Amino acid sequence: MARHSIDLNADAGESYGPWPMGRDEELFPLVTSVNLACGFHAGDPLTIQRSVRLAYEHGTAVGAHPGFPDRVGFGRREMKTSAEEAHADVLYQLGALSAFAELHHVKPHGALYMQMGRDEGLCRAVAAAVKAFAEELPLVVLAGSSMEAWARAEGVRTVAEAFPDRGYLASGLLASRALPGSLIRSPEAAAARALAMTRGEPFETLDGARVRLEAETLCIHGDNPEAVEIARAVREALEEAGVEVAAF
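1. Description of empty space enclosed by the protein
A complete count under the given rule lists 1 cavity of 30 Å³ or more for this structure. One number sums up the size of the largest cavity: a volume of about 40 Å³. Considering the residues around the largest cavity, the lining is formed by G67, F68, T81, A86, D89, V90, Q93 and L112.

2. Here we look at the pattern of salt bridges
For the coordinates displayed, the defined rule picks out 11 salt bridges. Residues D70 and R77 are paired through a salt bridge, measuring 2.6 Å at the closest nitrogen-oxygen approach. Its salt-bridge partner being E226, residue R185 comes within 2.8 Å of it at the nearest N-O pair. Here the residue R185 occupies a position in the loop between β6 (158-162) and α7 (187-199), and E226 occupies one in the loop between β9 (217-221) and α8 (227-240), the gap between them amounting to 41 residues. Overlapping salt bridges, with partners in common, bring together D11, K107 and E161 in one network.

3. A closer look at the packing of α7 against α8
Where α7 meets α8, the closest approach of the two axes is 8 Å, and the angle between their N-to-C directions is 45°. Classified by the angle their axes make, α7 and α8 are oblique. Of the two elements, α7 crosses α8, and the hand of that crossing is right-handed. Within the contact between the two elements, α7 uses P187, A190, A191, A194, L195 and T198 and α8 uses E229, I230, A233, V234, A237 and L238. Its residues placed into classes, the contact of α7 with α8 shows 10 nonpolar, 1 polar and 1 charged.

4. Quick look at the packing of aromatic side chains
In total, this model carries 3 aromatic pairs according to the counting rule given. The interplanar angle of 80° and the centroid separation of 5.9 Å between the aromatic rings of Y113 and F163 together place this pair among those described as edge-to-face. Within this pair, whereas Y113 is found in helix α4 (residues 110-116), its partner F163 is found in the loop between β6 and α7, the two being separated by 50 residues in sequence. When the centroid spacing of 5.4 Å and the interplanar angle of 75° are considered together, the rings of Y168 and F203 count as edge-to-face.

5. Overview of the layout of surface pockets
A volume near 420 Å³ is recorded for the largest pocket. Taken together, 23 residues line the largest pocket, and the ones lying closest to its centre are G110, A111, M114, R166 and L174. Counting residues per element, the lining of the largest pocket draws most heavily on α4, at 4 residues. For the lining of the largest pocket, a count of residues per class yields 10 nonpolar, 6 polar and 7 charged.

6. Things to note about the pairing of strand β2 (residues 33-37)
Burial within β2 is extensive, with 5 of its 5 residues counted as buried. Relative to β2, strand β1 (residues 5-12) runs parallel, the two being bridged by 4 bridges. Across the sheet, N9 pairs through a bridge with S33, a residue of β2. As judged from the 5 bridges shared by β2 and strand β3 (residues 61-65), these two strands associate in the parallel manner. Bridge pairing in β3 places L36 opposite A64.

7. Quick notes on the pairing of strand β5 (residues 139-142)
Bridge count for β5 against β6 is 4 bridges, and the pairing is parallel. In the sheet register, L142 faces β6, and the bridge partner there is E161. The handedness of the β5 to β6 crossover, carried by helix α6 (residues 147-153), is right-handed.

Definitions and cut-offs
- Residues numbered from 1 in each chain as written.
- Predicted model: local features only at pLDDT ≥ 70, side-chain atom pairs only at ≥ 80, totals over all residues.
- Heavy atoms only, no water.
- 1 Å grid on protein atoms, 1.4 Å probe; cavity = no way out; pocket = protein on both sides within 12 Å on 5 of 7 lines; lining within 4 Å.
- Points joined across faces, edges and corners; volume = space filled by probe spheres on them.
- Salt bridge = Lys/Arg side-chain N within 4 Å of Asp/Glu carboxyl O.
- Helix = DSSP H or I, 4+ residues; strand = E, 2+ residues; numbered from the N terminus.
- Axes fitted to C-alpha atoms, helices over the stretch in contact; angles between N-to-C directions.
- Parallel < 35°, antiparallel > 145°, perpendicular 65-115°, else oblique.
- Left-handed = near helix turned anticlockwise from the far one by under 90°.
- Contact = heavy atoms within 4.5 Å.
- Nonpolar A, V, L, I, M, F, W, Y, C, P; charged D, E, K, R; others polar.
- Phe/Tyr/Trp six-rings, centres within 6.5 Å; stacked < 30°, edge-to-face > 60°.
- Buried < 20%, exposed > 50% of the residue type's maximum accessible area, 1.4 Å probe, protein only.
- Pairing = 2+ DSSP bridges.
- Right-handed = clockwise from strand over helix to strand, strands pointing away.

So far we have only geometry, and geometry alone does not tell us how the molecule works.
Following this line, the structure appears as structure tokens:
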């Protein structure tokens, strides 16, 4: 079903205090919500503070981007963790970010996000942590995945997300970053895919199939070298198509 309004989010705040914030200053004006690293896979108190300030300057909604405690692997390496540990880790990270901002949503990062799509216990532990922090806080989940049902079973509101800058598989899941073509760097290609996702139209997967997703928010990865150009192209394409770009 075609949408008349959609959120455009970005994973951001993933640099470190003394170092520059990548292209966040260019990216934030183009999106309507941001998912800020909470210090486990990236970020630190100073970066969080600067990122929140930047988001507020542009009227951008601030969400938490909790991940595995893996700075070396940027939170993209799978980790074995108990449900109790995952619950505590996520709750800790939400508390850290909430010292600087009122949270609009929560979106897990990297390997944590991917594993939640396959591991019901992990997904429910993360959802329970979100609910324990604030019952009304939305959890962003991969559109069309089991994450939606598992998180809702914990009484958490979910927001379905799709990725115009990432390759998909016929299963509707994201392709591994190890696969060629898993990261889309063409602004034009990402914009075309964003329109398809917003309209509920099929798009091509890396393994030659076509899938259709229904999403409430579209993500641009802040660490994509073309993130700013992609965000600009996606936003322009959506607005030209008459779609309102606004935080959910």
